[in-house]
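What follows is each chain in one-letter form.
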Amino acid sequence: MSATRGSLTYARFFVRGDAPEVPPARALRAVHLHAFRPLVPDEEQKESVGWCRFGEAFDLQPGQDDVFVDEFVNLGLRVDRWAVPGALLRARLRDAEAELLAQKGRERLTRAEKKELKEQVSRRLRHELPPRTRAFDVSWAPGSGVVRLFTQAAGPALALGELFKRTFKLELVAESPYTLSARLGMSAAREAAWADAEPTTLLEEAR
Amino acid sequence: MQLVDRIEKRRFVGRELLLWLWFESEVFDGTRTTKDHGDVGLWLVRELSLSSGKEVTRIQGAAPALGRDAKEALLAGKLPERASFKVSMGEREAELTIKAETLGLSGVRLPTVLDDGDAPAPGELGSTAPTRARRRRTTVEEDADRERDEAALAFQERMSLAREIESLLEGLYAEFLALRLSPRWGSAVVPAMRTWASGGRVDAARYLRAQGPGARGGRGA
């Protein structure tokens with residue numbers, strides 16, 4: 001999803017607590033430390049999440065001019081995941097099973113053998129197929145504590161919260177009716193009314 | 001109560017916000033006055049989804065809220081879960097879809113910026129982009145710098161417009177919340193909404209009066 005092209009779709013998050021000062025050099029070091037690292041086919045890791053350049057999924061070392069744009073800290077959230085098509089995995093597994101059975105001169109494999117074989121076949125396929133790459137624009141305005149993630153999908157939102165905390169040691173809270181109310185300020189009377197509020201319904205039977 | 005519980009237990013309020021925006025856009029013929037943004041046009045367009053539990057009614061079209069389907073869904077106990085609005089502020093118009101439970105914005109069309117997508121290609125009449133002949137004289141680095149500057153400028157403009165819309169919505173939410181958490185919600189607003197959903201006429205002036213003097217910062221037609 002892009003912040004610079006087409007219509008905008010985004011979710012807002014707010015830094016919990018006071019808006020911190022973000023010294024550019026330190027923030028950039030933290031970003032580079034948590035930059036995206038590609039998945040390695042022979043490793044167990046199934047998903048990798050890290051920063052990339054805003055709008056450029058394959059630039060993993062954004063410079064200061066890329067990241068600091070006026071009052072914004074702009075980054076790309078890159079999420080790669082191995083995604084082997086199920087049909088291909090099943091076909092390769094069938095062939096591998098037949099080969100192993102012929103080698104061993106048996107008619108059946110044990111559950112453990114099947115599990116190990118599936119892992120081997122998956123690993124071989126990971127060497128052949130690239131992982132699924134997705135990147136989402138992220139724009140943080142430290143002065144107001146707002147972080148805009150240019151997608152509304154739940155997965156990237158979760159990944160952003162974790163990566164942001166690891167990188168900047170700051171917790172994000174997703175926007176919701178309650179958080180907006182809290183930001184607007186609630187008197188004690190309103191808090192009490194809020195606690196007692198029941199959902200409205202126009203259901204005819206409820207009249 | 002933990003923050004996460006407070007957030008989850010109050011998500012329904014986002015649906016009521018959409019209901020109220022929809023209701024008042026019809027009562028006040030799509031025009032309202034806000035304290036910080038002056039006269040604003042706001043009306044439903046394109047898409048309206050209402051739900052109750054797993055039952056969902058999705059209505060699409062130029063004016064999705066005007067048909068009986070939408071009001072019947074309300075009378076069946078459904079409330080809006082997402083709705084698209086057209087917003088006009090002064091000379092500018094924008095379109096956006098609000099997701100009730102997260103207040104997330106999608107499909108935000110900012111005409112001032114998006115018109116760039118229809119801009120003439122380099123060399124065409126009206127284009128300000130360099131022609132191929134002129135491009136030859138620039139280096140790859142200069143091109144990259146120019147592209148970066150243009151992208152930064154476009155981004156800033158889009159963020160400025162997005163923040164304007166967010167500020168308007170926050171203002172409307174504040175107005176809604178003041179009403180929602182007052183006794184007037186139950187005594188004046190909900191009865192008027194029921195009349196409206198049942199096909200009855202809601203008199204805008206009487207509706208405002210029913211909320212008492214000074215109940216609203218400045219709104220309505």
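Residues numbered from 1 in each chain as written. Chains lettered and ligands numbered in written order. Predicted model: local features only at pLDDT ≥ 70, side-chain atom pairs only at ≥ 80, totals over all residues.

### Considering the overall build of chain B
Here is step 1: The helix and strand inventory of chain B stands at eight helices and six strands.
Here is step 2: Moving toward the C terminus, one meets the helices and strands of chain B in the order α-α-β-β-β-α-β-β-β-α-α-α-α-α.
Here is step 3: The buried share among the 221 residues of chain B stands at 30%.
Here is step 4: Here the analysis covers contacts within chain B between residues at least 6 apart in sequence; of these, 53% occur between residues at least 24 apart. (Helix = DSSP H or I, 4+ residues; strand = E, 2+ residues; numbered from the N terminus. Buried ≥ 20, exposed ≤ 12 C-beta atoms within 10 Å, placed from the backbone. Contact = placed C-beta atoms within 7 Å.)

### Points about the interface of chain B and chain A
Here is step 1: Every contact between the two is made by 39 residues of chain B and, on the other side, 31 residues of chain A.
Here is step 2: Contributions of two or more residues to the side of chain B that touches chain A are made by helix 1 (3-9), helix 2 (12-27), helix 3 (68-75), strand 6 (104-109), helix 6 (140-180) and helix 7 (183-197) of chain B.
Here is step 3: Its residues placed into classes, the side of chain B that touches chain A shows 23 nonpolar, seven polar and nine charged. (Nonpolar A, V, L, I, M, F, W, Y, C, P; charged D, E, K, R; others polar.)

### Section: unusual backbone geometry
Here is step 1: Here Lys169 of chain A, not a glycine, exhibits a phi torsion of approximately 60°, which is positive.
Here is step 2: With respect to the helices and strands, the residue Lys169 of chain A is situated in the loop between helix 5 (154-168) and strand 7 (172-174).
Here is step 3: Residue classification places Lys169 of chain A among the exposed positions, given that 9 C-beta atoms sit within 10 Å.
Here is step 4: In this structure, Asp29 of chain B takes a positive phi of about 50° despite not being glycine.
Here is step 5: With respect to the helices and strands, the residue Asp29 of chain B is situated in the loop between helix 2 and strand 1 (31-34).

### A word on the packing of helix 2 of chain B against helix 6 of chain B
Residue and element names in this part refer to chain B.
Here is step 1: In contact at an axis separation of 11 Å, helix 2 and helix 6 are set at 105° when each is read in the N-to-C sense. Comparing their axes, helix 6 and helix 2 come out roughly perpendicular. From helix 2, Val13, Glu16, Leu17, Trp20 and Leu21 reach across to helix 6, where they touch Leu172, Tyr173, Phe176 and Arg180.
Here is step 2: Residues of the contact of helix 2 with helix 6, tallied by class, amount to seven nonpolar, no polar and two charged. (Axes fitted to C-alpha atoms, helices over the stretch in contact; angles between N-to-C directions. Parallel < 35°, antiparallel > 145°, perpendicular 65-115°, else oblique.)

### Remarks on the domain arrangement of chain A
Here is step 1: Examined at the domain level, chain A breaks down into domain 1 (11-83 + 131-205) and domain 2 (86-125).
Here is step 2: Domain 1 of chain A and domain 2 of chain A are separated by 41 Å when their C-alpha centres are compared. (Domains from an automatic or database assignment.)

### Considering the confidence of the model for chain B
Residues and elements named next belong to chain B.
Here is step 1: On average, residues of chain B score 83 in pLDDT, and 83% of them are at 70 or above.
Here is step 2: Helix 5 (residues 132-135) is the least confidently modelled element of chain B, averaging 50 in pLDDT, while helix 2 averages 96, the highest of any element.
Here is step 3: Across the whole predicted complex the pTM is 0.85, and at the interface the ipTM reaches 0.83. (pLDDT = per-residue confidence, 0-100.)

### Re the pairing of strand 5 (residues 92-99) of chain B
Residue and element names in this part refer to chain B.
Here is step 1: Taken together, the eight bridges between strand 4 (residues 79-89) and strand 5 define a ladder with antiparallel strand orientation. When the bridges of strand 5 are listed, Ser84 appears paired with Thr97.
Here is step 2: In this structure, the hairpin formed by strand 4 and strand 5 is closed by a connection of two residues, where Gly90 is found at a positive phi of approximately 60°.
Here is step 3: In terms of strand pairing, strand 5 meets strand 6 through four bridges, oriented antiparallel. Bridge assignment links Ile98 to a residue of strand 6, and that residue is Leu105.
Here is step 4: Here strand 5 hands over to strand 6 after four residues, with Leu103 in that stretch at a positive phi of 55°. (Pairing = 2+ DSSP bridges.)

### Here we look at helix 6 (residues 177-184) of chain A
Here is step 1: Within helix 6 of chain A, the full set of buried residues consists of Pro177, Tyr178, Thr179, Leu180 and Ser181 of chain A.
Here is step 2: Looking at the buried positions of helix 6 of chain A, the neighbouring elements they touch are strand 1 (8-15), strand 7 and helix 7 (188-196) of chain A together with helix 1, helix 2 and helix 6 of chain B.
Here is step 3: A positive backbone phi angle near 95° is found at Gly185 of chain A, which sits one or two residues after helix 6 of chain A.

### Structural notes on the nonpolar core
Here is step 1: Counting 84 residues, the largest nonpolar core has Leu77 and Leu149 of chain A as the members making the most contacts within it.
Here is step 2: Sequence-distant contacts of Leu77 of chain A, that is, excluding residues within four places in its chain, are made with Trp51, Ala135, Phe136, Val138, Pro156, Ala159, Leu160 and Leu163 of chain A. (Core = buried A, V, L, I, M, F, W, Y, C linked by C-beta atoms within 7 Å.)

### A short note on the confidence of the model for chain A
Close reading of the predicted structure is inappropriate where its pLDDT is low.
Here is step 1: Chain-level statistics for chain A give a pLDDT mean of 92 and a share of 98% at 70 or above.
Here is step 2: Ranking the helices and strands of chain A by mean pLDDT puts strand 2 (residues 47-52) of chain A first, with 98, and helix 7 of chain A last, with 84.

### Some remarks on the pairing of strand 5 (residues 132-141) of chain A
Residues and elements named next belong to chain A.
Here is step 1: Two elements, strand 4 (residues 72-81) and strand 5, share nine bridges in a ladder whose sense is antiparallel. If you follow Arg78 over to strand 5, its bridge partner there is Ala135.
Here is step 2: Bridging between strand 5 and strand 6 (residues 146-149) involves four bridges; their strand directions are antiparallel. Bridging from a neighbouring strand, Val138 pairs with Leu149 of strand 6.
Here is step 3: As consecutive antiparallel partners, strand 5 and strand 6 are separated by four residues, and within that stretch Gly145 has a phi angle of approximately 75°, a positive value.

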